[in-house]
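Here's the letter readout for the chains.
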Amino acid sequence: MAEAEAMQLKEEGNQHFQLQDYKAATKSYSQALKLTKDKALLATLYRNRAACGLKTVWEGEGWGAEGGTGMRESYVQAASDASRAIDINSSDIKALYRRCQALEHLGKLDQAFKDVQRCATLEPQNQSFQETLRRLNTSIQEKLRVQFSTDSRVQTMFEILLDRNSEADKLEKAANNLIVLSREEAGAERIFQNNGMALLMQLLDTKRPELMLAAVRTLSGMCSSHRARATAILHAVRIDRICSLMAVESEEMSLAVCNLLQAIIDALSGEDKQEHRGKEEALVLDSKKDLKQITNHLLDMLVSKKVSGQGRDQALNLLNKNVPRKDLAIHDNSRTIYVVDNGLRKILKVVGQVPDLPSCLPLTDNTRMLASILINKLYDDLRCDPERDHFRKICEEYITGTFDPQDMDKNVIAIQTVSGILQGPFDLGNQLLGLKGVMEMMVALCSSERETDQLVAVEALIHASTKLSRATFIITNGVSLLKEIYKTTKNEKIKIRALVGLCKLGSAGGTDYALRQFAEGSTEKLAKQCRKWLCNASIDTRTRKWAVEGLAYLTLDADVKDDFVQDIPALQAMFELAKASSGRTPDKTILYSVATTLVNCTNSYDVKEVIPELVQLAKFSKQHVPEEHPKDKKDFVDMRVKRLLKAGVTSALVCMVKADNAILTDQTKELLARVFLALCDNPKDRGTIVAQGGGKALIPLALEGTDVGKVKAAHALAKIAAVSNPDIAFPGERVYEVVRPLVSLLNTQRDGLQNYEALLGLTNLSGRSDKLRKKIFKEKALPDIENYMFENHDQLRQAATECMCNMVVNKEVQERFLADGNDRLKLVVLLCGEDDDKLQNAAAGALAMLTASHKKLCFKMTEVTTQWLEILQRLCLHDRLSVQHRGLVIAYNLLAADAELAKKLVESELLEILTVVGKQEPDEKRAAVVQTARECLVKCMDYGFIKPVS
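Residues numbered from 1 in each chain as written. Predicted model: local features only at pLDDT ≥ 70, side-chain atom pairs only at ≥ 80, totals over all residues. Heavy atoms only, no water.

**Student:** Explanation requested: the overall build of the protein in the structure shown.
**Tutor:** From N to C terminus, the protein includes 55 helices and zero strands. Taken across its 950 residues, the protein has 52% of its residues classed as buried. Sequence-distant contacts in the protein: of pairs separated by 6 or more residues, those separated by 24 or more amount to 69%. When the accessible area of the protein is evaluated, it comes to approximately 45500 Å², of which 50% is carbon and sulfur surface. (Helix = DSSP H or I, 4+ residues; strand = E, 2+ residues; numbered from the N terminus. Buried < 20%, exposed > 50% of the residue type's maximum accessible area, 1.4 Å probe, protein only. Contact = heavy atoms within 4.5 Å. Areas by Shrake-Rupley, 256 points an atom, 1.4 Å probe, with all protein chains shown as cover.)

Right under this line is the structure:
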């Protein structure tokens, strides 16, 4: 029926085509394509639809509201349809010529030439093919001629750029063309060979910002992926001049020079992943000296007063990116050791800068944080305790050497340095807090009358009071001082920091309801003030971030987090701050604080299981027992999650995930993964998360970060993959990246829920395409899926069998069942005999596809267990129609496999079952079942085992 209808639609399409109604013809061909599986007809339909696409453009219908875009899309569709016809028949001359026409209009002349060349080979006498071949050859030759006239173009560009009388628009165009040209290998080489270096140096000497910027960007393109050119440029321009260009106030220039230096470093160190052979390798034998020189100049920039805040930031960014090892599996950490020995004191000087002191270097809001990140990365890159001890001694000597009883400014700088280290390697910071006089100096600075001293001291106290033991010391010694500062100061910056200090100390008891540090209601008052500051857009970002940090501590209190999620303006202000910190103004502490606040609000932190017997024992022995706040129960948590989703938390999380790795630490990634997992808990919310890009954002979290973070993100991915359309949740090639995290959850170390939802996710993915099934097979998931089919847990066994039902379509999986010496097929047959309907349905589906794919498996099925026939008969009589249908398909496959096997089935009670089912009226629900039973009976008649009754 369907094939006949497809033929009719094809004829209708042909009629429309003759009448030049190409849109109607396209519609008829498209409908016919959905109905037929006949390869010859499919090829014709695709070929005809391609012709419609070409005619549509030529008749002007491709120029719709979108103009040229509609035209291009018609050519792309025509080329695609012609390709599908060629896939079916590689000698389809009409399809080849139509694809050639479409590709020519898309500008893909070389591909079009290949197609028409093939046409001319198949029909050498066709004049149209010969004419097209000549025309395309001429066009390709012209294109090559234009490409190789680069030399004259380069010369013209430089003439325009160096002519003082050139018009502004010509200058801009020439500069942009030069930059674009330098990014192509051929163009970069032409510039380099044609005296380009000398001309670029002249542009740098003009002192005109737009020309200098063009020169720097052109040099970056020339350095990219070419070690010899990068070395020549470094020596010609000189590292001291490059650094002086990066030191300027202009953010645009500073960033462009930073990119130039990064391109040079990548080329010299081999980070560009290019292989250097022959002459290139001979020219540059060793680039270590140049790399060391670059490192020394960057370290000198950190402490130079001539360097702008932007320049200092870029120097720190380059050190952050290029000094520590990217992979700790690499043994060599000599670059880090060199920087520790020759530059750690310079980095500590940047960390210890106090903006209000006259001696302060030019800084931006991010400079000290970038220096803290660099200290953290260097410390993490050390390989052994002696290296870490050396690092600590340098820090100790620097801080103790800065202390001076006669000079308060030096004491403030020392405490600021400790504060900066506490924001980097926290363990090292804690050790430095133990130095004689450090904690006492912090408390003393709080009582100073100078606001600068108070500001530094309060920040240091905040960073120092992370451990409960430290917090207890400060509660004893510093709370009254912080309260006094909070009440008396008129400086908002100090006031908000004092508040955060109180917030941090107030939350020292964590989630334990019984361990409140302050009086009832105090934390709510502190949180209210934090929310007020957070919503005040007139306060600078650096000050508002302290409000977020205060909430990160206070939201451990369930009353505070419940109030916070109801304050929509405060939530959205926090989200906007997080988005800004991920992009325009990167800030590691804001991202971490926002992530911590969201973890607290969603209760996605780890909670120790409470064992009632141990609680009773603790009470009997008068030990403290942690108490759960009433508002930390599941109903309240679910309500908070709903409010967060409504306020737009997903889009904020997606922005945070996109932040640079220097800002988005592994710890922050873990927190974000925890939040995503909590948000995905309710299946009804998963569609919203996917719509806002949550599915795509989870992939990098599942692949990078802490082990716990990767597991949490993988579990959230599994929840989404289990219920969502993968094409929408993970568009394009991203869907293949989802497989590995899901397979990682098929592990006995993971809990049952993670195993179950991973299997559901893989089931959904394996049902999409064979490419995905191959990816799952390649990730070695099959043995794990098979193991879960043996599980005693009903749901796990069912999920694994459903996954296998989809996987058996794949040839590599079928070969595992065909192999001798295993019980895989026996397990599937036995699972068909289980009482669980869903399990039977999945197992029968797998068996139906296996027996349809290989006759050998039909014979093997009858040998693996003596119960096979009884199980088959039960399937064919099953109350559930889907199970019954699959049973009948298995019966048909066995009948079709071999006459002897068919005879064995006919001699059993199966013939009676087939007869009863085949005689039933095929209503809408039972049509497939009855039809399959009748096909089985027809097969028996073909063998001559039964005869039709007149």
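What follows continues from the structure just given.
**Student:** Looking at this model, I keep getting lost on the side chain of Gln416. Mind explaining?
**Tutor:** Checked against the element boundaries, Gln416 lands in helix α22 (residues 408-422). In contact with Gln416, other than residues within four places in its own chain, are Val351, Gly352, Gln353, Val354, Pro355, Arg368 and Val456.

**Student:** Help me understand the environment of Cys535 in this model?
**Tutor:** Within the element layout of this structure, Cys535 appears in the loop between α29 (522-534) and α30 (541-554). Separated by 36 residues in sequence, Cys535 and Leu571 place their C-alpha atoms 8.8 Å apart. Discounting chain neighbours no more than four positions away, the residues touching Cys535 are Pro569, Ala570 and Ala573.

**Student:** Explanation requested: helix α17 (residues 288-302) in the structure shown.
**Tutor:** One turn of an α-helix holds 3.6 residues; hence residues three or four places apart share an orientation. For α17, built from 15 residues, the straight-helix expectation of 21 Å at 1.5 Å per residue is met to within 8% by its first-to-last C-alpha distance of 22 Å. Here α17 has its buried residues at Asp290, Leu291, Ile294, Thr295, Leu298, Leu299, Met301 and Leu302. Those residues of α17 that are buried lie in contact with α13 (227-237), α14 (239-246), α15 (251-269), α18 (309-322) and α19 (334-351). (Expected span 1.5 Å × (residues − 1).)

**Student:** What should I look at first to understand the pattern of salt bridges in this one?
**Tutor:** Evaluation of the coordinates by the stated rule reveals 43 salt bridges. Residues Arg383 and Glu387 are paired through a salt bridge, measuring 4.0 Å at the closest nitrogen-oxygen approach. Of the residues examined, Arg383 reaches a relative accessible area of 39% and is grouped as partly exposed. Among the charged side chains, a salt-bridge network with shared partners connects Lys634, Asp638, Asp681, Lys719 and Glu757. (Salt bridge = Lys/Arg side-chain N within 4 Å of Asp/Glu carboxyl O.)

**Student:** Please clarify how unusual backbone geometry should be interpreted in this entry.
**Tutor:** With glycine set apart, most residues show a phi of negative sign, and most peptide bonds adopt trans. Located in the positive-phi region is Lys207, a residue other than glycine, with phi close to 65°. Relative to the helices and strands, Lys207 resides in the loop between α11 (196-205) and α12 (209-223). Judged by its relative accessible area of 61%, Lys207 falls in the exposed class. Positive phi is not limited to glycine here, since Asn603 has a value of about 55°. The residue Asn603 is located in the loop between α33 (588-602) and α34 (612-620) in this model.

**Student:** It is not clear to me how the nonpolar core should be interpreted in this structure. Could you clarify?
**Tutor:** Nonpolar side chains tend toward joint burial in soluble globular proteins. Phe391 and Met442 are the most contacted members of the largest nonpolar core, which totals 259 residues. Apart from residues lying up to four places away in sequence, Met442 is in contact with Ile415, Val418, Leu433, Ala457, Ala460, Leu461 and Ala464. By size, the runner-up hydrophobic cluster in this structure holds 29 residues, among which are Leu41, Ile93, Phe129 and Ile140. (Core = buried A, V, L, I, M, F, W, Y, C linked by side-chain atoms within 4.5 Å.)

**Student:** What should I look at first to understand the layout of surface pockets in this one?
**Tutor:** Think of a ball as big as a water molecule: rolled over the atoms, this probe shows where empty space is left. Considering only enclosed or pocket space, the second largest pocket measures out at about 730 Å³ in volume. Around the second largest pocket, the lining comprises 30 residues; the ones closest to its centre are Leu291, Asn322, Asp332, Ser334 and Arg335. If one sorts the elements of the lining of the second largest pocket by residue count, α17 sits on top with seven residues. Here the lining of the second largest pocket is built from residues that sort into 11 nonpolar, seven polar and 12 charged. (1 Å grid on protein atoms, 1.4 Å probe; cavity = no way out; pocket = protein on both sides within 12 Å on 5 of 7 lines; lining within 4 Å. Points joined across faces, edges and corners; volume = space filled by probe spheres on them. Nonpolar A, V, L, I, M, F, W, Y, C, P; charged D, E, K, R; others polar.)

**Student:** Before we go on, may I ask you to explain the packing of aromatic side chains in this structure?
**Tutor:** To describe a pair of aromatic rings, one takes the distance between the centres and the angle between the planes. Considering all chains together, one arrives at four aromatic pairs under this definition. Here Phe17 and Tyr22 contribute two aromatic rings whose centre-to-centre distance is 5.3 Å and whose plane-to-plane angle is 65°, an arrangement assigned as edge-to-face. Exposure remark for Tyr22: the relative accessible area of 3% places this residue in the buried category. (Phe/Tyr/Trp six-rings, centres within 6.5 Å; stacked < 30°, edge-to-face > 60°.)

**Student:** In this structure, what is going on with helix α43 (residues 752-766)? I would like to understand it.
**Tutor:** An ideal rise of 1.5 Å per residue puts 21 Å on 15 residues; α43 measures up with 21 Å between its terminal C-alpha atoms. Those residues of α43 not exposed but buried are Gln754, Asn755, Glu757, Ala758, Leu759, Gly761, Leu762, Thr763, Leu765 and Ser766. Its side-chain oxygen at 3.1 Å from the backbone nitrogen of Leu753, Asp751 defines the N-terminal cap of α43. (Polar contact = N/O pair within 3.5 Å; in protein donor to acceptor, adjacent residues only side chain to side chain.)

**Student:** How should the UniProt feature "repeat: TPR" (unreviewed entry) in the protein be read in this particular structure?
**Tutor:** What UniProt calls "repeat: TPR" (unreviewed entry) maps, in this numbering, to residues 6-39. Secondary structure within residues 6-39 divides into 82% helix and 0% strand; the distance between the first and last C-alpha atoms comes to 12 Å. (UniProt positions renumbered as here; feature names shortened; annotations may be inferred.)

**Student:** Sorry, what's going on with the confidence of the model for the protein here?
**Tutor:** Do not read the fine detail of predicted coordinates wherever pLDDT is low. With 89% of its residues at a pLDDT of 70 or more, the protein shows a mean pLDDT of 84. Of the regions scoring below 50 in pLDDT, residues 273-285 engages in 13 contacts with residues more than four places distant in sequence or in other chains. The low-confidence segment residues 509-519 (pLDDT under 50) makes 30 contacts with residues lying over four places distant or belonging to another chain. (pLDDT = per-residue confidence, 0-100.)

**Student:** Quick question: what am I supposed to make of the side chain of Asn333 here?
**Tutor:** Its location among the elements puts Asn333 in the loop between α18 and α19. The exposure class of Asn333 is buried, given its relative accessible area of 4%. In this structure the side chain of Asn333 is engaged in a polar contact, spanning 3.2 Å, whose partner is the backbone oxygen of Asp381. Beyond its immediate sequence surroundings of up to four residues, Asn333 is in contact with Arg325, Asp381, Leu382, Arg383 and Glu387.

**Student:** So what exactly am I meant to see when it comes to the environment of Ser581 here?
**Tutor:** Of note, Ser581 is situated in helix α32 (residues 568-582). When the C-alpha positions of Ser581 and Ala659 are compared, they lie 8.1 Å apart, and in sequence the two are 78 residues distant.

**Student:** Got a minute to help me understand the packing of α32 against α33 in this structure?
**Tutor:** Relative orientation and spacing of two packed helices are given, respectively, by the angle between their axes and the distance between those axes. As a packed pair, α32 and α33 sit with axes 9 Å apart at the nearest point and diverge in direction by 140°. Both α32 and α33 take part in a crossing whose hand is left-handed. Here Met574, Phe575, Leu577, Ala578, Ser581 and Ser582 of α32 lie close against α33, whose contacting residues are Ile590, Leu591, Val594, Thr597 and Leu598. Partitioned by chemical class, the residues of the contact of α32 with α33 number eight nonpolar, three polar and no charged. (Axes fitted to C-alpha atoms, helices over the stretch in contact; angles between N-to-C directions. Left-handed = near helix turned anticlockwise from the far one by under 90°.)

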